[in-house]
Amino acid sequence: MHTPHALRCATLLLAVGLVGCQDTTLRTPEPLAVLSTENHSVNADNQQGFVPISSVGVDPDDPRIQLGKLLFHDTRLSHDRSISCASCHQVARGGADARPVSIGVNDVRGRRNAPSVLNSVHNFRQFWDGRASDLKAQATGPITNPAEMASDWSVVIERLQADGALSTRFRDAGYEAVDRDAVTDAIAAYESALITPAPFDRWLLGDLDALDGEALRGSQRFVDLGCVSCHQGKNVGGNMFQKFGVVGDYYADHGGGTDADLGRFNVTQRPQDKHVFKVPSLRNVMETAPYFHDGSVERIEDAIRIMARYQLGRELDDEDVQLLKAFLGALSAKPKAGLL
Amino acid sequence: MRVSSNLVLLLALSGLTALSFHFSRQGGLGTYVNDASYLNQLDSLNTAIDREILILNAGLTTHFDRLSALSTSLVALTKSKHGTAPLNQVSDHVERKMTLVDDFKSDLAIYRNSVRAVRETLAHPDLRPVSAGSHDELDAVLWLLLEHMAAGEVNASHKLTRAMATLENSDAPQPDAVRTLLTHARLIVDVGRRKQATVRSISDHSFSSYLTRLHGESTETLNRTQSLAARWQISFVLSFLVLVGLTVQVVRSARHTAH
């Protein structure tokens, strides 16, 4: 008697529930606030095109950074255990080596000059041709490149996993396993800490005594001559691509060029990207001779003149070259102690 | 017989309750909400990039750090998401956009530098080159046009091109300063046009339109899913209540039979 009644009620109620109820609320997702980049000196931004950098907040004792430092200097990453990242990117020497092109395992010569690892976190892409989007992506390249470490990831990971003490370091740094992702992440963390605020940054931030008269005049010439059109922003470069030879044809004047000289073209295959490279940062440039992507120019004075001639269409006199050199000297500094 | 039918009914209601509970949770809803939020983030970044390009093109700021940071964020956001097929196509749009942004930065730097060089020449009469005395009239036209260009006017660029061609084809020897000046003038014309074409391509809203369409589809799917989930929630509540009531009835009935 009770049961059929209950069943009728249940059926009726369920039918009403299934058919009659409809949520017609239009839910629009909240708009995302526009991502803001870091604050910087308004005067420097508007008047010069430069943005000061800072290493405040970088903790050299951070376990992840210390692990990255260890791996950066670890020769087990290379096939024959002969070289490490630091072999070509010597942190105490401007973050590069002193060779035109780096030498890999079995004395294989590389195709391009080693770019500085210092402040590379501020570059908008990595490598001369910008083929890596960030430091972590960049860190995977050299380990398997036949002209660099010529190694194999499975071999590298096996070697590292066999080191009990190192495995502990990985755990202490917050990694669940010793794997490729953890290795590249730790190396990228270390490289991200290699920031070198220089006297010019202090000057940008208001310390008027940070630059001597020659460097100060050099900075003004740097702006007036147009160098700042490309070498600008936080890294005084490193935030755009540009053709090598805007006003003149550098390669026609220097005997053609190689495949490596095609630059960004090798990545995009677009004809307009021939001889296009990432504009290098000029931070610590006084310590990173020889210059250009092929390391073909030994002296900074010659590099300045070539840049002025082929990029700006200007022939510089000796005074301008000296002033620009003095300015470039004010862009050099070392990373925090504990990172070297 | 009656107890048996009651048990069957209880079992059926339990099944319905469990089913309603399962569908009311709508495991897929989170995905749709994420998709809408993701598209919203893409759209915000895309809009911010377009705005920064206009600011740079107008000369209101002097470096590319902000544009580069926004572009990096957009690329990273694209890579972070592996959604449904239309979302995966976003990366193609982003790649095209990044190529345009890279071209814009490169061209703007060259354009600015050449305008700077022309202005500097015009500002220093002693730096003005001469056309070796053979093209005084043309020289005057050239300077006039260069002055227009230095002021940011490039409408008369075809006249300038003709004037430059005449000078370049002249037999008269040209000083280096003239050649350099003509090179900068050519860059202003060529790169300036290319830059403006790039800006137009960037601002043609094709990516925005694509995102808007995807957003509309995502919102529609989200609404439909939410509506269905609401129905199942109500079904769950009702069937649960009936289940409880029926259980009480069955227990009472069983006790009554026992007595």
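Residues numbered from 1 in each chain as written. Chains lettered and ligands numbered in written order. Predicted model: local features only at pLDDT ≥ 70, side-chain atom pairs only at ≥ 80, totals over all residues. Heavy atoms only, no water.

1. A few points about the overall build of chain B
- Helix and strand content of chain B: nine helices and zero strands.
- When the helices and strands of chain B are placed in sequence order, the string is α-α-α-α-α-α-α-α-α.
- Put simply, chain B has 259 residues, and 45% of those count as buried.
- At a minimum sequence separation of 6, the contacts of chain B that also span at least 24 residues come to 78%.
- A total accessible area of about 13,300 Å² is found for chain B, and carbon and sulfur atoms account for 59% of it. (Helix = DSSP H or I, 4+ residues; strand = E, 2+ residues; numbered from the N terminus. Buried < 20%, exposed > 50% of the residue type's maximum accessible area, 1.4 Å probe, protein only. Contact = heavy atoms within 4.5 Å. Areas by Shrake-Rupley, 256 points an atom, 1.4 Å probe, with all protein chains shown as cover.)

2. Things to note about the nonpolar core
Residue and element names in this part refer to chain A.
- Formed by 37 residues in total, the largest nonpolar core has its most connected members in Phe50, Phe200, Phe222, Phe292 and Leu328.
- Of all the secondary structure elements, the ones that give two or more residues to this core are α9 (199–204), α10 (213–225), α11 (250–253), α13 (300–312) and α14 (318–329).
- No other element matches α13, which puts seven residues into this core.
- The residues contacting Phe292, other than those within four sequence positions of it, are Asn113, Trp128, Phe244, Tyr250, Val297, Ala303, Ile306 and Met307.
- Counting residues in each nonpolar core, the second largest holds 35 residues, with Phe170, Ile187, Ile195 and Leu339 among its members. (Core = buried A, V, L, I, M, F, W, Y, C linked by side-chain atoms within 4.5 Å.)

3. Description of the state of the cysteines
- The final tally for this structure, using the stated rule, is zero disulfides over all chains.
- A disulfide-free cysteine, Cys85 of chain A has its sulfur positioned 8.7 Å from the sulfur of Cys88 of chain A, the nearest such atom. (Disulfide = S-S within 2.5 Å.)

4. Comments concerning empty space enclosed by the protein
- Considering all chains together, one arrives at six cavities of 30 Å³ or more under this definition.
- In terms of lining, the largest cavity is formed by 46 residues, of which the most central are His231, Pro280, Leu282, Phe292 and Met307 of chain A.
- For the lining of the largest cavity, the secondary structure elements donating two or more residues are β1 (241–243), β2 (276–278), α13 and α14 of chain A together with α5 (90–123) of chain B.
- The element contributing the most residues to the lining of the largest cavity is α13 of chain A, with seven residues.
- Grouping the amino acids of the lining of the largest cavity by side-chain chemistry returns 28 nonpolar, 15 polar and three charged. (1 Å grid on protein atoms, 1.4 Å probe; cavity = no way out; pocket = protein on both sides within 12 Å on 5 of 7 lines; lining within 4 Å. Points joined across faces, edges and corners; volume = space filled by probe spheres on them. Nonpolar A, V, L, I, M, F, W, Y, C, P; charged D, E, K, R; others polar.)

5. Some thoughts on the side chain of Ser102 of chain A
Residue and element names in this part refer to chain A.
- Secondary-structure assignment places Ser102 in the loop between α4 (85–88) and α5 (135–144).
- Within polar-contact distance, the side chain of Ser102 engages the side chain of Asp97 at 2.9 Å.
- Once residues lying within four places of it in the same chain are set aside, the contact partners of Ser102 are Cys88, Asp97, Val108, Arg109, Gly110, Arg112 and Ala114. (Polar contact = N/O pair within 3.5 Å; in protein donor to acceptor, adjacent residues only side chain to side chain.)

6. Considerations on a nonpolar patch on the surface
- Taken together, the side chains of Val237, Phe240, Leu241, Val244 and Val248 of chain B present a nonpolar region at the surface, about 420 Å² in accessible area.
- Under the relative-accessibility criterion, Val244 of chain B is labelled partly exposed at 41%. (Patch = residues over 30% accessible without salt bridge, like charges linked within 9 Å, V, L, I, M, F, W, Y side chains within 5 Å. Salt bridge = Lys/Arg side-chain N within 4 Å of Asp/Glu carboxyl O.)

7. Some remarks on the packing of aromatic side chains
- Counted by the stated rule, this structure contains 17 aromatic pairs over all chains.
- The rings of Phe50, Phe200, Trp203, Phe222 and Phe327 of chain A are connected pair by pair, giving a single aromatic cluster.
- Directly above the aromatic system of Phe265 of chain A lies the positively charged group of Lys274 of chain A, at a separation of 5.1 Å from the ring centroid.
- Lys195 of chain B extends its terminal NZ or CZ atom over the ring of Tyr111 of chain B, reaching a point 4.5 Å from the ring centre. (Phe/Tyr/Trp six-rings, centres within 6.5 Å; stacked < 30°, edge-to-face > 60°. Lys NZ or Arg CZ within 6 Å of the ring centre and 35° of its normal.)

8. A few points about the environment of His89 of chain A
All names here are of chain A.
- Looking at where His89 falls in the secondary structure, it is placed in the loop between α4 and α5.
- On the basis of relative accessibility, which here comes to 17%, the residue His89 falls in the buried class.
- Note: C-alpha distance between His89 and Arg314 (225 residues apart in sequence) is 33 Å.
- Apart from the residues within four sequence positions on either side, His89 is in contact with Phe72, Gly95, Ala96, Ala114, Pro115 and Val117.
- Only 3.0 Å separates the side chain of His89 from the backbone oxygen of Pro115, close enough to count as a polar contact.

9. Regarding the side chain of Gln242 of chain A
- Within the element layout of this structure, Gln242 of chain A appears in strand β1.
- Separated by 2.9 Å, the side chains of Gln242 of chain A and Ser106 of chain B make a polar contact.

10. Digging into unusual backbone geometry
Residues and elements named next belong to chain A.
- Residue Pro290 follows Ala289 across a cis peptide bond; omega there is 0°.
- Along the polypeptide, Pro290 turns up in the loop between β2 and α13.
- We note that Asn106 has phi near 60°; this positive angle belongs to a residue other than glycine.
- Within the secondary structure, Asn106 sits in the loop between α4 and α5.
- Despite not being glycine, Asn119 shows a phi value in the positive range, around 60°.
- When you line up the elements, Asn119 lands in the loop between α4 and α5.

11. A closer look at the confidence of the model for chain A
All names here are of chain A.
- Averaged over all residues, the pLDDT of chain A is 87; the fraction at 70 or higher stands at 86%.
- Model confidence for chain A, summarised as mean pLDDT per element, is weakest for helix α1 (residues 2–20) at 45 and strongest for α14 at 98.
- Confidence over residues 9–46 falls short of pLDDT 50; this stretch has 67 contacts with residues more than four positions distant or in other chains. (pLDDT = per-residue confidence, 0-100.)

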